[in-house]
Amino acid sequence: MDTRIKDLKFELTHECYSILSFWQKNTLDEVNGGFIGSIDLDMTKHPESEKGAVLNARILWAYSAAYRVFKNPDYLNLARRAYSYNIANFLDKDFGGCYWMLTSEGKPSNTRKQIYAIAFMLYGFVEYYRISKKQEALDIAIQLFETIEKHAFDKKNNGYFEAYSREWVLLEDLRLSDKDKNDPKTMNTHLHILEAYTNLYRVWKDKRLEEALKNLIQNVFLGHIINTEKGYFDLFFSEDWTKQSQNNSYGHDIEGSWLVWEAAEVLGDQTIKAQVKPVCILMAEQSLRDGLDKDGGLMSEGTFGKVEDSDKHWWPQAEAVVGFMNAYQLTSDEKFLNASLSAWEFIKNYIKDTKNGEWYWRVSKDEHKVYTQEQKTGPWKCPYHNSRMCMEIAERFQAD
């Protein structure tokens with residue numbers, strides 16, 4: 001193995017320990033159970049803050065995956081904690097799916113059914129099943145799959161709608177966050193449905209799931225979401241897949257370049273793999289060319305190759321390490337290996353919080369100024385992108 005990769009694997013293994021130790025030490029809610037909703041950048045804790053479905057699903061995934069990879073019993077205990085809390089509090093026992101937000105005491109405060117969040121719950125429960133072989137975990141994951149297919153799948157135009165009321169009435173305000181456009185279909189939700197279905201297919205070779213996964217790859221992503229000529233994701237769509245935006249997200253592009261390839265690999269269909277491979281490489285090429293700055297950091301968004309948002313958020317840096325390494329493994333092209341290594345150097349130099357632990361949310365383009373108003377942990381700041389980066393590299397070179 002290349003000594004640079006060997007060093008990267010070693011450093012990222014210890015970085016994963018550091019990230020997960022931070023969450024273990026700082027986020028346990030010893031009063032109400034589960035994990036506290038948010039912590040400020042200066043480490044002010046807010047045990048009274050709401051608890052988000054995305055955060056708690058990702059915590060379940062992260063500690064489950066970490067136990068599978070590293071076999072640390074602390075990770076198993078924290079996975080069990082997240083598993084029990086999510087079952088008891090987030091799952092809607094009457095109407096299916098999961099609540100979007102809970103009070104700090106664990107009561108539903110926002111009962112909307114955001115398909116993005118349900119997909120992450122599915123993702124987390126599958127990962128817990130992989131370490132526990134607990135049939136209940138698999139059954140819940142299958143139920144969530146069936147809930148998405150029953151309520152969110154668009155039988156007329158294909159793809160999945162964004163958000164519903166608790167009782168499964170399509171909402172007028174479909175947005176995942178305030179910065180999103182209010183469109184019925186988005187790249188982001190479809191990407192994480194793909195990710196969740198891929199993980200479920202690892203352990204449940206159901207024909208319906210197989211067909212849903214094939215449809216997502218071939219018809220939805222290759223047919224609508226990926227601009228296969230330029231190598232980026234379009235972001236927002238009407239019901240009939242008319243494109244509603246012109247910009248692209250470099251972080252999602254490089255993340256998607258390896259998640260779409262992973263889906264094709266897990267599916268195991270050679271024809272689909274042959275279709276997907278050049279597109280995934282093209283997406284990595286585009287991200288490297290248009291989004292990667294000279295300091296090794298990946299910028300946020302652009303339009304037709306022109307950078308529109310040059311801030312460097314924590315999660316695209318993590319995805320850059322994995323996505324460019326994946327492209328290197330597909331091509332043996334050294335430029336991708338160098339980009340992956342440079343992204344990790346950027347993280348070490350500017351994104352890691354060496355005083356308090358974990359990572360900063362984002363820094364500015366050239367001065368690398370930390371945005372102090374951002375959270376250290378919260379509904380969107382989770383131990384998912386960064387711990388997954390570490391585990392992906394550890395697993396990809398496990399035999400070396």
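A quick note: this is a predicted structure, and the numbers were derived from the prediction, not measured.

Cut-offs applied
Residues numbered from 1 in each chain as written. Predicted model: local features only at pLDDT ≥ 70, side-chain atom pairs only at ≥ 80, totals over all residues. Heavy atoms only, no water. 1 Å grid on protein atoms, 1.4 Å probe; cavity = no way out; pocket = protein on both sides within 12 Å on 5 of 7 lines; lining within 4 Å. Points joined across faces, edges and corners; volume = space filled by probe spheres on them. Nonpolar A, V, L, I, M, F, W, Y, C, P; charged D, E, K, R; others polar. Axes fitted to C-alpha atoms, helices over the stretch in contact; angles between N-to-C directions. Helix = DSSP H or I, 4+ residues; strand = E, 2+ residues; numbered from the N terminus. Parallel < 35°, antiparallel > 145°, perpendicular 65-115°, else oblique. Left-handed = near helix turned anticlockwise from the far one by under 90°. Contact = heavy atoms within 4.5 Å. Expected span 1.5 Å × (residues − 1). Buried < 20%, exposed > 50% of the residue type's maximum accessible area, 1.4 Å probe, protein only. Salt bridge = Lys/Arg side-chain N within 4 Å of Asp/Glu carboxyl O. Polar contact = N/O pair within 3.5 Å; in protein donor to acceptor, adjacent residues only side chain to side chain. Core = buried A, V, L, I, M, F, W, Y, C linked by side-chain atoms within 4.5 Å. Phe/Tyr/Trp six-rings, centres within 6.5 Å; stacked < 30°, edge-to-face > 60°.

Asker: Help me out: how do you make sense of empty space enclosed by the protein in this one?
Answerer: Unfilled space is identified by rolling a water-sized probe across the atoms. Applying the stated criterion across every chain yields a total of one cavity of 30 Å³ or more. By volume, the largest cavity amounts to about 40 Å³. What lines the largest cavity is simply Gly 52, Ala 53, Val 54, Trp 100, Met 101, Pro 379 and Trp 380. Across the lining of the largest cavity, the residue classes tally to six nonpolar, one polar and no charged.

Asker: It is not clear to me how the packing of helix H10 (residues 314-331) against helix H11 (residues 334-351) should be interpreted in this structure. Could you clarify?
Answerer: Packed helices, taken two at a time, are described by their axes: the angle between them and the distance between them. Running from amino to carboxyl end, H10 crosses H11 at an angle of 160°, the nearest separation of the two axes being 7 Å. The angle between H10 and H11 places the two elements in the roughly antiparallel class. At the point where H10 passes H11, the crossing takes the left-handed sense. For the pair H10 and H11, the contacting residues are Trp 314, Gln 317, Ala 318, Ala 320, Val 321, Phe 324, Met 325, Ala 327, Tyr 328 and Thr 331 in the first and Glu 334, Phe 336, Leu 337, Ala 339, Ser 340, Ala 343, Trp 344, Phe 346, Ile 347 and Ile 351 in the second. Classifying every residue of the contact of H10 with H11 gives 16 nonpolar, three polar and one charged.

Asker: Would you mind showing me how to read helix H6 (residues 187-203) here?
Answerer: An α-helical segment advances 3.6 residues per turn. Residues three or four places apart therefore align on the same side. The end-to-end C-alpha separation of H6 is 25 Å, in line with the 24 Å expected for 17 residues at 1.5 Å each. For H6, the tally of buried residues reaches 15 of 17 residues, placing the bulk of the element in the interior.

Asker: Teacher, can you tell me more about the packing of helix H2 (residues 53-70) against helix H12 (residues 385-396) here?
Answerer: Packing of H2 against H12 leaves a shortest axis separation of 10 Å and a crossing angle of 25°. When the interaxial angle is binned, H2 and H12 end up roughly parallel. Seen from above, H2 lies across H12 with left-handed handedness. Together, Arg 58, Trp 61, Ala 62, Ala 65, Ala 66, Arg 68, Val 69 and Phe 70 of H2 and His 385, Ser 387, Arg 388, Met 391, Ala 394 and Glu 395 of H12 make up the contact between the two elements.

Asker: What is the right way to read unusual backbone geometry from this model?
Answerer: Excluding glycine, most residues fall at negative phi; most peptide bonds, likewise, are trans. With a phi angle near 80°, Asn 158 is a residue other than glycine that sits in the positive phi range. One can find Asn 158 in the loop between helix H5 (135-151) and strand S7 (163-164). One non-glycine residue, Phe 304, lies in the positive phi region at around 50°. Mapped onto the fold, Phe 304 is located in the loop between strand S13 (301-303) and strand S14 (306-309). For Phe 304, a relative accessible area of 52% translates into the label exposed.

Asker: How do you make sense of the pattern of salt bridges when you look at a structure like this?
Answerer: Pairing between side chains of opposite charge can happen when the charged atoms of each approach one another. Within the structure shown, the criterion is met by 40 salt bridges. Among the ionic pairs, Arg 130 bridges to Glu 127, the shortest N-O distance being 3.3 Å. Taken together, the residues Arg 130 and Glu 127, both in helix H4 (residues 115-132) and three residues apart, mark about one turn of the helix. One connected set of salt bridges, linked through shared partners, spans Asp 293, Lys 294, Asp 295, Lys 312, Lys 365 and Asp 366.

Asker: Looking at this structure, I do not really get the environment of Lys 205. What am I missing?
Answerer: Topologically, Lys 205 is positioned in the loop between H6 and helix H7 (207-225). Owing to a relative accessible area of 53%, Lys 205 belongs among the exposed residues under this scheme. Along the chain, Lys 205 and Thr 228 lie 23 residues apart, while their C-alpha atoms are 29 Å from each other. Of the polar contacts made by the side chain of Lys 205, one reaches the backbone oxygen of Tyr 201; its length is 2.6 Å. One polar contact links the side chain of Lys 205 to the main-chain carbonyl oxygen of Arg 202, over a distance of 3.1 Å.

Asker: How do you make sense of the nonpolar core when you look at a structure like this?
Answerer: Looking at soluble globular proteins, one finds that nonpolar side chains tend to be buried together. Counting residues in each nonpolar core, the largest one holds 142 residues, and the members touching the most others are Leu 122, Phe 125, Tyr 197, Leu 200, Phe 221, Phe 233 and Met 389. The leading source of residues in this core is H4, at 14 residues. The residues touching Tyr 197, leaving out its near neighbours within four places in the chain, are Leu 122, Phe 145, Ile 148, Glu 149, Tyr 160, Leu 209, Ala 212, Leu 213 and Leu 216.

Asker: I keep staring at the layout of surface pockets and nothing clicks. Help me out?
Answerer: Estimates place the volume of the largest pocket at around 860 Å³. Along the walls of the largest pocket sit 35 residues, with Ser 177, Lys 179, Asp 180, His 252 and Trp 315 positioned nearest its centre. Breaking the lining of the largest pocket down by element, the ones donating at least two residues are H6, helix H8 (250-267) and H10. Taken together, the residues of the lining of the largest pocket break down into eleven nonpolar, eleven polar and 13 charged. The space that makes up the second largest pocket amounts to roughly 400 Å³. In this structure, the second largest pocket is lined by 23 residues; those nearest its centre are Arg 202, Trp 258, Glu 262, Glu 392 and Glu 395. Broken down by secondary-structure element, the contributors of at least two residues to the lining of the second largest pocket are H2, H4, H6, H8, H10 and H12. If one sorts the elements of the lining of the second largest pocket by residue count, H8 sits on top with six residues. The residue inventory of the lining of the second largest pocket, partitioned by class, reads eight nonpolar, four polar and eleven charged.

Asker: So what exactly am I meant to see when it comes to the packing of aromatic side chains here?
Answerer: How two aromatic rings sit relative to each other is set out by the distance from centre to centre and by the angle between their planes. Scanning the entire structure with this criterion turns up 23 aromatic pairs. Aromatic pair Tyr 83 and Tyr 128: ring centres 4.1 Å apart, planes at 15°, arrangement stacked. Taken as a pair, Tyr 83 in helix H3 (residues 73-90) and Tyr 128 in helix H4 lie far apart in primary sequence, 45 residues in all. Look at Tyr 83 and you get buried, because its relative accessible area is 4%. On the accessibility criterion, Tyr 128 (6% relative accessible area) is buried. These aromatic residues form a ring-pair network of at least three members: Trp 61, Trp 100, Tyr 116, Phe 120, Tyr 123, Trp 380 and Tyr 384.

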